[in-house]
Amino acid sequence: MLSPNCQVDGRLSQFLARSSFSRLEPESKRSYTTDYCVFFDFLWVRGKNWDEATSSDLWDFEDWRTRSIRNPEKVGGARWNRGLAALGRLYSWAVKQQYVSVSPVETREAIGRQGQVVEVPAARAKDARSSNVRWLTPRAFRRWVDVGLRGFSADGVPDAAWAGRLADRNSAFANLLFSSGVRLTEGASLLTLEIPNLTMDERRYYASRLAPMVTKSKRARTFYVASPVVGELETYCESTRAASIRRAQRQGRYEKLPQLRLVTSVSGHRVKVLHWRDRDGTVGKTALAQASVEERALLFAEGPDGPEPLWVWLNESGMPFQPSSWEGIFRIATDRCQKVLAETIAEPPFCTPHMCRHSFALYMLVVLHHVMDVRLGLTPQERRDFLLLYGDPWRMVQDLLGHADVETTRKIYLAPVSDLQLHSLIATPGRAPDDSTDSAVDDVSWILAQLAAETSRIQDLRDDWAVL
């Protein structure tokens, strides 16, 4: 139960609706709101309202939140820093609005990444390493998908007792994240206009673009999807998705929507513009690159039997499946893996949407190093020339992930290998030279298995457990 402090008063309502908080991504809003409620509950126990907090209250809260034995749910440095950032945003706004005279979040000077002096919260944790970050090797991920999302048994075959629904949608989405490295909201808000189509040529990856409005950095980015995953997407769209749409049309669900923007045409080549008409007959247009997540859920196209959502991922009712709902799908899948594989594997695989992104980064780094140092057989001089032409593998992965700073890629996403020398990554077992794709895949799998043996944070399957 929330304390009275979590009931939004007029001033907090203004903060939520009109300050910089209103421009945060939905996931950030949800996380920050949780952090506010925890702090407000802490104050409520002390008989204080949110605007009566002092720096002493904050330091006591920091002790209780991170160290006190009286708290059964203590948090680590990274989680604490997120909550501290949320409070800093709130009280900085409150000071400007003159609702409080002094912010309880004390600050100190620090040196930023570019050498500049910046103000940071004094209570910021110094041990905020991403200790909760985990990775999966491709074979561990496939086992998690098969058992958790597709209902396979521990023997690796379809389970007759499986009663799950939308397995093709869920597995296609998980494979999209793992194959491309896109973030949860980026992948969850894709429109049918942005899904690449399979072609007759034998390409291994298909490219598409993420609109700046759905990315964390607000910059457009190219992402690449493996050919089999594009096939999965097409299968889902032509089967389960199409059936959900037909069902919704028969039940008149789309006709009852209070807000709907029917796209009548798409213009432009490099910059696509969606021309639409709403329920009231109002005509408007929106550049695809500028369509927010919320607006995307309102976009429909005229199909053979009536309006159809442009939003790719739909629930059984034919309505857009919201990004936050995917967390629950992944949790249920992990719970099933724990239950089904408990007697077969000592540590059944688990996965979250963001772990797919981390795992993609690790896989791509190993692949790029392997291609550069083994498959191409480059000499040191040739390697330097290659780097000048195409860039370092670390920076290639940085670009694929859309990070502004390569240090984020190194220290968070690729911590297991950030301090390893290249030779330790490519020390594959002796094999006869073979140019086949299967041989290259085996080499990369061997490298990942060796890395997994060195750190408990990379989930892998023993060879006798793997279903390949």
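Cut-offs used in this document
- Residues numbered from 1 in each chain as written.
- Predicted model: local features only at pLDDT ≥ 70, side-chain atom pairs only at ≥ 80, totals over all residues.
- Heavy atoms only, no water.
- UniProt positions renumbered as here; feature names shortened; annotations may be inferred.
- Helix = DSSP H or I, 4+ residues; strand = E, 2+ residues; numbered from the N terminus.
- Buried < 20%, exposed > 50% of the residue type's maximum accessible area, 1.4 Å probe, protein only.
- Polar contact = N/O pair within 3.5 Å; in protein donor to acceptor, adjacent residues only side chain to side chain.
- Contact = heavy atoms within 4.5 Å.
- Phe/Tyr/Trp six-rings, centres within 6.5 Å; stacked < 30°, edge-to-face > 60°.
- Lys NZ or Arg CZ within 6 Å of the ring centre and 35° of its normal.
- Expected span 1.5 Å × (residues − 1).
- Pairing = 2+ DSSP bridges.
- Axes fitted to C-alpha atoms, helices over the stretch in contact; angles between N-to-C directions.
- Patch = residues over 30% accessible without salt bridge, like charges linked within 9 Å, V, L, I, M, F, W, Y side chains within 5 Å.
- Areas by Shrake-Rupley, 256 points an atom, 1.4 Å probe, with all protein chains shown as cover.
- Salt bridge = Lys/Arg side-chain N within 4 Å of Asp/Glu carboxyl O.
- Lys, Arg positive; Asp, Glu negative; His and termini not counted.
- Charge placed at Lys NZ, Arg CZ, Asp CG, Glu CD.
- Core = buried A, V, L, I, M, F, W, Y, C linked by side-chain atoms within 4.5 Å.
- Domains from an automatic or database assignment.

In the annotation of an unreviewed UniProt entry, the chain is listed under the name Integrase and assigned to Streptomyces parvus. Entered under Sequence similarities (unreviewed entry) in the UniProt record, the comment concerning the chain runs "Belongs to the 'phage' integrase family."

With that settled, consider the side chain of S179. Take S179: it is sitting in helix α6 (residues 167-180). Of the residues examined, S179 reaches a relative accessible area of 11% and is grouped as buried. Of note is the side chain of S179, whose polar atom sits 2.9 Å from the backbone nitrogen of A226. Excluding its chain neighbours within four sequence positions, the residues that come into contact with S179 are Y205, Y224, V225, A226, V229 and F360.

Now for the packing of aromatic side chains. The tally for this structure, following the rule as stated, stands at 23 aromatic pairs. Seen in terms of ring centroids, F15 and W93 are 5.2 Å apart; in terms of plane orientation they differ by 50°. Their pairing is tilted. Linking F15 in helix α1 (residues 10-18) with W93 in helix α4 (residues 77-96), this pair joins segments that are 78 residues apart in sequence. A relative accessible area of 11% means that W93 is categorised as buried. When the ring centre of F321 is taken as reference, the NZ or CZ atom of R169 above it lies at 4.1 Å. Directly above the aromatic system of W276 lies the positively charged group of R261, at a separation of 4.0 Å from the ring centroid.

End to end, α6 covers 20 Å across 14 residues, agreeing with the expected 20 Å (1.5 Å per residue, within 8%). With 13 of 14 residues buried, α6 is to be regarded as a mostly interior element. Positive backbone phi, approximately 80°, marks G181, located one or two places after α6.

Attention now moves to the sheet that holds strand β6 (residues 261-267). Read across the open sheet, the five strands follow the order β8-β7-β6-β9-β10; overall the sheet is mixed. The open sheet has two free edges, formed respectively by β8 (283-287) and β10 (306-309), since each of these has just one partner strand. Recorded for the sheet is a direction-independent mean angle of 45° between the axes of neighbouring strands. Where β6 and strand β7 (residues 273-277) come together, five bridges link them in antiparallel fashion. Counterpart to V266 in the pairing with β7 is L274.

Next up on the list: helix α2 (residues 26-45). Taking 1.5 Å of rise per residue, 20 residues should cover 28 Å, and α2 covers 29 Å from first to last C-alpha, within 8% of that figure. Buried positions along α2 lie against α1, α3 (55-66) and α4. Once α2 finishes, G47 follows within two positions and takes phi at roughly 75°, a positive value.

Where like charges cluster on the molecular surface, the positive patch consists of R247, R250, R253 and K256. Along the polypeptide, K256 turns up in the loop between α9 (240-250) and β6. Note on K256: relative accessible area 65%, which makes it exposed.

Ranked by internal contacts, the top residues of the largest apolar core, which has 55 residues, are F141, W144, W313, W326 and F330. Mapped onto the domain boundaries, this core takes at least three residues apiece from domain 2 (175-319) and domain 3 (348-459). Setting aside anything within four residues of it in sequence, one finds F330 in contact with W144, F173, A174, L177, C351, T352, P353 and C356. Judged by nonpolar contacts, the second largest core, of 27 residues, contains L43, A94, V100 and A123.

What follows concerns the environment of G148. Mapped onto the elements, G148 comes out in helix α5 (residues 138-149). When its relative accessible area of 6% is taken as the criterion, G148 is described as buried. When the C-alpha positions of G148 and F330 are compared, they lie 8.2 Å apart, and in sequence the two are 182 residues distant. Once residues within four sequence positions are removed from consideration, G148 is found in contact with R143, W162, A333, R336 and C337.

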